Amino acid sequence: LFRAMAHANLGKEWICQATINFADDEELLALAAKAGCSGVFIGFESAKPEGLRELGKKFYLLKKRDFRASVKRIQRHNILVVGSFIIGLDIDEPGIGKRIAEVASRYGVDNLNALFLTPLPGTRLWDRMKSEERIAIDTFPEDWKYYTLTFPVARYKNLSYESPLKAISFISFFEKKFKPIGACSGYKIASLFLPGHYIPAPFLNEIRSLIATYFP
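Below: a short report on this structure. (Residues numbered from 1 in each chain as written. Predicted model: local features only at pLDDT ≥ 70, side-chain atom pairs only at ≥ 80, totals over all residues. Heavy atoms only, no water.)

Focus on the overall build of the protein
Secondary structure summary: the protein contains 9 helices and 4 strands in total. Expressed as a percentage of the 216 residues in the protein, the buried residues total 48%. About 11,500 Å² of surface is accessible on the protein, with carbon and sulfur atoms providing 55% of the total. (Helix = DSSP H or I, 4+ residues; strand = E, 2+ residues; numbered from the N terminus. Buried < 20%, exposed > 50% of the residue type's maximum accessible area, 1.4 Å probe, protein only. Areas by Shrake-Rupley, 256 points an atom, 1.4 Å probe, with all protein chains shown as cover.)

What follows is the structure in structure tokens.
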């Protein structure tokens, strides 16, 4: 497909979502770049190996992968890397925002995405958290508006209701230290893939008001 796209010379830039295994094939990376790939969204998910095991992403650990080296291989082909992490895993503890920001910086990603663990109806995560009485917002259809991955709709095992907000606030602050992407093609990635990467003050106030109601 990439060969055909490159041969057609479509003149279009595009972005994609992939696992870190995307970095393992130099030929694939070269063809993706020639076909117009300007950025990739990669779910690193957790700053700790225990978090990856919790999510079933054990394959990220099998070869003791060097994430920084993998990110650099992708970037050598002028493909920006957006690293995504989840806040609210059972292994997460206060200070998770700082850990995520530091790990993302160590990996060398071009931009950072951090979202709340969100149980969706019909999933195993929903069933488990429902049975544990940890879903705080579940009056549908009214509450669908909060299921954006940017609201803490559940009670997280080792985090108080303030911890996720502090984590997001820290990441938003820390993001300023990342390489600016300005008006380059990477801006498209920020606008499409980063609903949780920057939380304006009014939105944080709305979240605080919400959790004050649902997390007494």
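Back to the text.
Quick look at the packing of helix 4 (residues 67-75) against helix 5 (residues 96-107)
Where helix 4 meets helix 5, the axes come as close as 8 Å, and the angle between the chain directions of the two elements is 55°. Classified by the angle between their axes, helix 4 and helix 5 sit oblique to one another. Along its contact with helix 4, which presents Phe67, Arg68 and Val71, the element helix 5 presents Ser105, Arg106 and Tyr107. Here the residues of the contact of helix 4 with helix 5 are counted per class, giving 3 nonpolar, 1 polar and 2 charged. (Axes fitted to C-alpha atoms, helices over the stretch in contact; angles between N-to-C directions. Parallel < 35°, antiparallel > 145°, perpendicular 65-115°, else oblique. Contact = heavy atoms within 4.5 Å. Nonpolar A, V, L, I, M, F, W, Y, C, P; charged D, E, K, R; others polar.)

What about unusual backbone geometry?
That bond from Phe140 to Pro141 is cis: its omega, 10°, falls within 30 degrees of zero. If you trace the backbone, Pro141 turns up in the loop between helix 6 (124-131) and helix 7 (162-174). Positive phi, normally seen in glycine, also occurs at Glu133, with a value near 55°. Assignment of secondary structure puts Glu133 in the loop between helix 6 and helix 7.

Structural notes on the pairing of strand 2 (residues 37-45)
Counting buried positions along strand 2 yields 9 of 9 residues, so the element is predominantly enclosed. As judged from the 5 bridges shared by strand 1 (residues 14-18) and strand 2, these two strands associate in the parallel manner. Within strand 2, the position partnered with Ile15 by the bridge is Gly39. (Pairing = 2+ DSSP bridges.)

Here we look at the packing of aromatic side chains
Two numbers describe a pair of aromatic rings. These are the distance of the centres and the angle of the planes. If you walk through the whole model with that rule in mind, you get 11 aromatic pairs. Grouped by ring-pair contacts, the aromatic residues Phe44, Phe67, Phe85 and Tyr107 constitute a single cluster. (Phe/Tyr/Trp six-rings, centres within 6.5 Å; stacked < 30°, edge-to-face > 60°.)

Some thoughts on the sheet that holds strand 1
Strand order across the open sheet formed by 4 strands is 1-2-3-4, with parallel pairing between neighbours. Where the open sheet ends on each side, the last strands, each with one partner, are strand 1 and strand 4 (111-116). Each strand of the sheet is rotated relative to its neighbour by a mean of 25°, with strand direction disregarded. The sheet contact formed by strand 3 (residues 80-87) and strand 4 spans 6 bridges and is parallel. Counted as the bridge partner of Ile87 is Phe116 from strand 4. Running over the sheet, helix 5 touches strand 2, strand 3 and strand 4 and is turned about 160° from strand 3.

Quick word on the side chain of Thr118
Here Thr118 shows up in the loop between strand 4 and helix 6. The exposure class of Thr118 is buried, given its relative accessible area of 10%. Contacts of Thr118, omitting those with residues within four sequence positions, involve Leu125, Tyr147, Leu149, Phe151 and Val153.

Side note on helix 2 (residues 26-34)
Leu29, Leu31 and Ala32 are the residues of helix 2 that are buried. The arc enclosing the buried residues of helix 2, seen along the axis, measures out at 165°, which places them on a common side. Looking at the buried residues of helix 2, the elements they touch are helix 1 (2-8), strand 1, strand 2 and helix 4. Capping the start of helix 2, Asp25 holds a side-chain oxygen 3.0 Å from the backbone nitrogen of Glu27, two or three residues further along. At the exit of helix 2 stands Gly36, carrying a positive phi of roughly 115°. (Arc of directions from axis to C-beta. Polar contact = N/O pair within 3.5 Å; in protein donor to acceptor, adjacent residues only side chain to side chain.)

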